[in-house]
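What the coordinates show
Next come the chains, spelled out residue by residue.
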Amino acid sequence: MCRWSGLALVCVATLIAASSLALAQVPGGSAIDLTDEERAWLESHPVIRVAPDPDFPPFEFFDDGGHYVGIAAEYIEAIDERLPVEFEIVRLGSWTEAIEQARTRSVDMFAAAVQTPQRQEYMAFTSAHIRMPSVIIATTETSEQMALRQLHGKRVAVVSGYAWNDLLEAQHPEIVLVTAPDIASALRMTSFGIVEAMVGDQATSSYFIGREGLTNLRVAGHPPHRYDLALAVRSDWPELVGILEKALASVTPAERTAIVDKWISLETPSLLRSRKFWGIVGGAAFAVALTITGILVWNRVLKSQVAQRTAELNDELEWRKEAERELRRHRDHLDELVKERTAELSAANSKMKRDLDAAALVQQSLLPRETPDVRGANFSWQYRPCDELAGDILNVFQLDATHIGVYVADVSGHGVAASLLSVAISRVMSPEVSESSLLINPSRSGGAPEIVAPAAVAHELNDRFPMVEPSNRYFTLLYGVLDVTTREFRFVSAGHPPVVAVVPGEKPRLLRAESWAIGWVPNTGFEEHLHVLKPGERLYLYSDGVPEAMDPEMKQFGDDRMIEFIDESRLSPLDKSVGSLMVRVEEWCSTTGPKDDITIVALEVK
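The model shown is predicted, which means the values in this text are computed figures rather than measured ones.

1. Some thoughts on empty space enclosed by the protein
Rolled over the atoms, a probe sized like a water molecule indicates the empty space that remains. In this structure the tally under the stated criterion is two cavities of 30 Å³ or more. By volume, the largest cavity is sized at about 90 Å³. Along its surface, the largest cavity is lined by Asp-53, Phe-56, Glu-60, Trp-95, Ala-112, Ala-113, Val-114, Arg-119, Tyr-162, Ala-163, Tyr-227 and Leu-229. For the lining of the largest cavity, the secondary-structure elements that each account for two or more residues are strand 6 (109–114) and strand 12 (226–234). Looking at the lining of the largest cavity, the element that brings in the most residues is strand 6, giving three residues. Of the residues in the lining of the largest cavity, the class split is nine nonpolar, no polar and three charged. Considering only enclosed or pocket space, the second largest cavity measures out at about 60 Å³ in volume. For the lining of the second largest cavity, the secondary structure elements donating two or more residues are strand 8 (155–159), strand 10 (197–201) and helix 7 (202–212). Of the residues forming the lining of the second largest cavity, the biggest block, four residues, is contributed by strand 10.

In structure tokens:
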């Protein structure tokens, strides 16, 4: 992967150098011929605030010492030497923040930005001084080459505020965009399968793939659009655009080449001109000559040693025979030890099996023993773990006389670690009223307890369960609160599959609510959604073990087949509908059995 990243950077650097040589030149970097009006404008604007992208290597970023560095930074330094003006570097937390600061005129200029129709509303651009190709990044599990039209209907990661965000929204609205705060996050989302692909520039993507060690990623396509980076200034300063164009034109080809060579190596030294190469060749020749001489000397010595070695070999043969006899005695003893250890391991395995069975019973005891009995709503659920211990957990509980809480959580992975996290989730998602309760807070004025909003619950869970070493566990969650009097269902989805809504007389549909999984991104917010149910409407909540169940040919059950089976059972009682769906999923993967836990929860209003 590192070799691939290096080659990608060399290709990009070659394009940058070629494009730089095509720009206007002023021999020797001579002084810029400014008009009187331009000089007067610079005198009235002595300080220009530049907001770089803080994490866009090798083009611009801040090093460990907090210094602004990169190719774009070198251009700013070159322009600074040519103009009677001070460039003030403003370090912000992200490129999204830099975009917002430019909209409000809190900063004046970008050193490297792609010109888009959205940005032209508040920024003016010079000609491009840096050019680079764009790429589609996917996992190595996909072998085919991709084009943008092949991403229609798929989830694609883009960095918030980057040009690809604007371009895909405008030209490819069929692509489901998932914005990430930075390039590293977008690449990790692709590596972990949260999205099908990521679109960005080749140089920066290659850099972060190597730095993050994401060895399962590859370049899957090259969109026709290029990343042409230019200087961008606030649109109410058109005078500065012309001044900067003159400054860029005065940067000589030699200076441009030096800037590129400083950050990306373009030359592969010839071995024939390398002192190190000839040193190695000379050393090898000397070693060969020395070896030949040694062989000749050794042949003479060998003749005198043959007799001595023959006697030594006879002694060694006797020693080996004795060693073999001793080895047989040890082998017989080892057989006895193996039998003893096998019995001990069998006993330990039986104890472990009993412990796992006991742990599974404890985990299943956390499932709802009965559904709430309230007027106006029915509930039903099915639960099938794929191993003794599961990562799925669910619950349906009464919050007060008119509100019912329901959730489905799916922990990443399987086994003991996932099971422990699911048990912890069940404990904190308790409807008991207390000061430490996550779902219901006692009233501070002595009135009725206060039901915590689902979005606030997700936010608190995200703080309590960060995805940290060594387990790197996270979980998806769909939590909702149903008001049986108004039929309002307020819910939050944290990376969880969408809800299936079935209205009498209508086709079932998916209530999509995209968001991050719990623990994935620190200090993130979660959006709360409201769905008002119609009389007789049903909602189906489930874990990804339903649509992602696979048959022997590794074909997934899928959303369409799941919706079709739900639609077929719409006239059946709710519990039979849920049971029928579980049977269909189990039949789909009956040969090999489910590879993931399967959880289904449904509710129906009257």
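2. A look at the sheet that holds strand 18 (residues 475–483)
Within the open sheet, the five strands sit side by side as 14-15-18-19-22. Their pairing is antiparallel. Every other strand in the sheet has two partners, leaving strand 14 (392–398) and strand 22 (529–532) as the edge strands with one partner each. Across the sheet, the mean angle separating the axes of adjacent strands is 15° when strand polarity is ignored. Relative to strand 15 (residues 403–411), helix 11 (residues 415–428) is tilted by about 165°, and along the sheet it contacts strand 14, strand 15 and strand 18.

3. Notes on the confidence of the model for the chain
Scored by pLDDT, the chain has a mean of 84; 85% of the residues are at 70 or more. Note on residues 1–30: pLDDT is under 50 here. Beyond four places in sequence and across chains, it has 60 contacts. Within the model, pLDDT remains below 50 along residues 265–278, and this stretch shows eleven contacts once partners closer than five positions in the same chain are excluded.

Conventions adopted
- Residues numbered from 1 in each chain as written.
- Predicted model: local features only at pLDDT ≥ 70, side-chain atom pairs only at ≥ 80, totals over all residues.
- Heavy atoms only, no water.
- 1 Å grid on protein atoms, 1.4 Å probe; cavity = no way out; pocket = protein on both sides within 12 Å on 5 of 7 lines; lining within 4 Å.
- Points joined across faces, edges and corners; volume = space filled by probe spheres on them.
- Helix = DSSP H or I, 4+ residues; strand = E, 2+ residues; numbered from the N terminus.
- Nonpolar A, V, L, I, M, F, W, Y, C, P; charged D, E, K, R; others polar.
- Pairing = 2+ DSSP bridges.
- Axes fitted to C-alpha atoms, helices over the stretch in contact; angles between N-to-C directions.
- Contact = heavy atoms within 4.5 Å.
- pLDDT = per-residue confidence, 0-100.

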